[in-house]
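Descriptive structure summary
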Amino acid sequence: MSDILVIGSLNADLVVRAPRFPAPGETISGEDLAIIPGGKGANQAVAAARQGTSVSMVGRVGDDSFGPTLIQNLQNNNVDTTHVQTDKAATGTAIIVVDSHGQNSIVLSPGANGKVTPADIEAIAFQDADMLLLQLEIPLETVIHAASLARQNGLRVILNPAPARQLPDSLLADVDILVPNESELQLLTGMPVTDTATAETAAKGLLSKGVGTVIVTLGANGALLVTDEKITHIPTFKVDVVDTTAAGDAFIGGLAAALLKDKSLEEAVRYGNASGALATTKFGAQPSLPTAESVEHLMSLPRHTSAGLRGA
């Protein structure tokens, strides 16, 4: 088993760039279709592996042409795919439109991701890993079971609650680090999140439910680190944004890798910020995920010189 265990989704991302998002009922012209490996689980696995950590992926693909491609791509990125199964279903897909500002709009079709069950993870040697990364693109009952097994075996559990939904307190109590964005935080807590102050209040509410640490990703405004001891705002790095797809996954992969290298929470969040920023400088999900060398280079630059960075 590897340092990091990722249980989650594998998707084929069908991506089109367009000048803007179409209005309801409107047809607009975009660029050529690109088919790119994605899925939040697989993205985070590749993101962590590119930081030099050993990673194992658990999930399912379909018995179509996309499945072998996604598995091969993980292997090409040094991710162990022993526990990626092939199901008699369609591979999960994401329909993604990227506008001229690099913002994206996504529709998910879960496919085989919806068939990842608690039974799939019963044979996993949790005790041989140090950290578990989870998201919500597989059935919730599987996420709950995985977090419980990880807690029993002493792993640090990082949960990215996306796509956003309300979660049971029993799951939150098994999470060491919860990483929502602002909209996910609002849905999780039922509290308005409109600025840093309201994000702090909502995050503190999650701490009261047993979450160890909450890290709220704020896009261009960096991240908010909230623990029982203190609240810290950590700014991000200025770059030329091409496509924001997988920026959050890059953040989590960088964060996890930094924590495994015994970085402090503040240092790990800063490293995650750099990873996420670099991911926005390239088109697509997994092709945009940076290497450790790229992240360390960005972090070494004076703040005022990093603004023009593109495609590092």
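The rules behind these values
Residues numbered from 1 in each chain as written. Predicted model: local features only at pLDDT ≥ 70, side-chain atom pairs only at ≥ 80, totals over all residues. Heavy atoms only, no water. Pairing = 2+ DSSP bridges. Helix = DSSP H or I, 4+ residues; strand = E, 2+ residues; numbered from the N terminus. Buried < 20%, exposed > 50% of the residue type's maximum accessible area, 1.4 Å probe, protein only. Contact = heavy atoms within 4.5 Å. Axes fitted to C-alpha atoms, helices over the stretch in contact; angles between N-to-C directions. pLDDT = per-residue confidence, 0-100. Phe/Tyr/Trp six-rings, centres within 6.5 Å; stacked < 30°, edge-to-face > 60°. Lys NZ or Arg CZ within 6 Å of the ring centre and 35° of its normal. Arc of directions from axis to C-beta.

Quick notes on the sheet that holds strand β5 (residues 79-87)
The strand order across the open sheet built from 9 strands is β5-β4-β1-β8-β9-β10-β11-β12-β13, with neighbouring strands paired in mixed fashion. The sheet is open, and its two edges are formed by β5 and β13 (231-234), each paired on a single side.

What about the environment of T142?
Along the polypeptide, T142 turns up in helix α3 (residues 140-152). Overall, T142 belongs to the buried group, its relative accessible area being 0%. When the C-alpha positions of T142 and G8 are compared, they lie 9.4 Å apart, and in sequence the two are 134 residues distant. Other than its neighbours up to four places away in sequence, T142 contacts V116, T117, P118 and I121.

What about the sheet that holds strand β3 (residues 34-38)?
Strands sit in the order β3-β2-β6-β7 across an open sheet of 4 strands; the sheet is mixed. Each end of this open sheet is capped by a strand with a single partner; those strands are β3 and β7 (104-109). Ignoring strand direction, the axes of neighbouring strands in this sheet form an average angle of 25°. The sheet contact formed by strand β2 (residues 11-17) and β3 spans 5 bridges and is antiparallel. If you follow A12 over to β3, its bridge partner there is P37. Contacts between helix α2 (residues 66-76) and the sheet are confined to β2, β3 and β6 (92-98), with β2 contributing the most and set at about 95° to the helix.

A look at the confidence of the model for the chain
Within the chain, residue pLDDT values average 93, and 96% of them lie at 70 or more. Between residues 305-312, whose pLDDT stays under 50, and residues either more than four places distant or in other chains, the model counts 22 contacts.

Focus on the packing of aromatic side chains
Two numbers describe a pair of aromatic rings. These are the distance of the centres and the angle of the planes. Scanning the model with the defined rule gives 0 aromatic pairs in all. Lying across the ring of F283, R17 places its NZ or CZ 3.9 Å from the centre.

Brief notes about α2
Considered for burial, the residues of α2 that qualify are G67, L70, I71, N73 and L74. Taken end-on, α2 shows its buried residues confined to a sector of 160°, consistent with a single buried face. Within α2, the exposed residues directed more than 90 degrees away from the buried face are P68 and N76. Among the residues trailing α2, N78 stands out with phi positive, at a value near 65°.

Considering unusual backbone geometry
The omega torsion across A162 and P163 is 0°, close enough to zero to call that bond cis. Assignment of secondary structure puts P163 in the loop between β9 (156-159) and α4 (169-172). The phi dihedral of N78 is positive, around 65°, even though this residue is not glycine. With respect to the helices and strands, N78 occurs in the loop between α2 and β5. Its identity is not glycine, yet A246 carries a phi of approximately 75°, on the positive side. As for its position among the elements, A246 is in the loop between β13 and α7 (247-260).

Quick word on the pairing of strand β4 (residues 55-62)
Burial within β4 is extensive, with 8 of its 8 residues counted as buried. Along β4, one buried face is formed by V55, M57, G59 and V61 and the opposite face, lined by S56, V58, R60 and G62, is buried too. Here β4 runs beside β5; their pairing, made up of 7 bridges, is parallel. Directly across from V55, in β5, lies its bridge partner V79.

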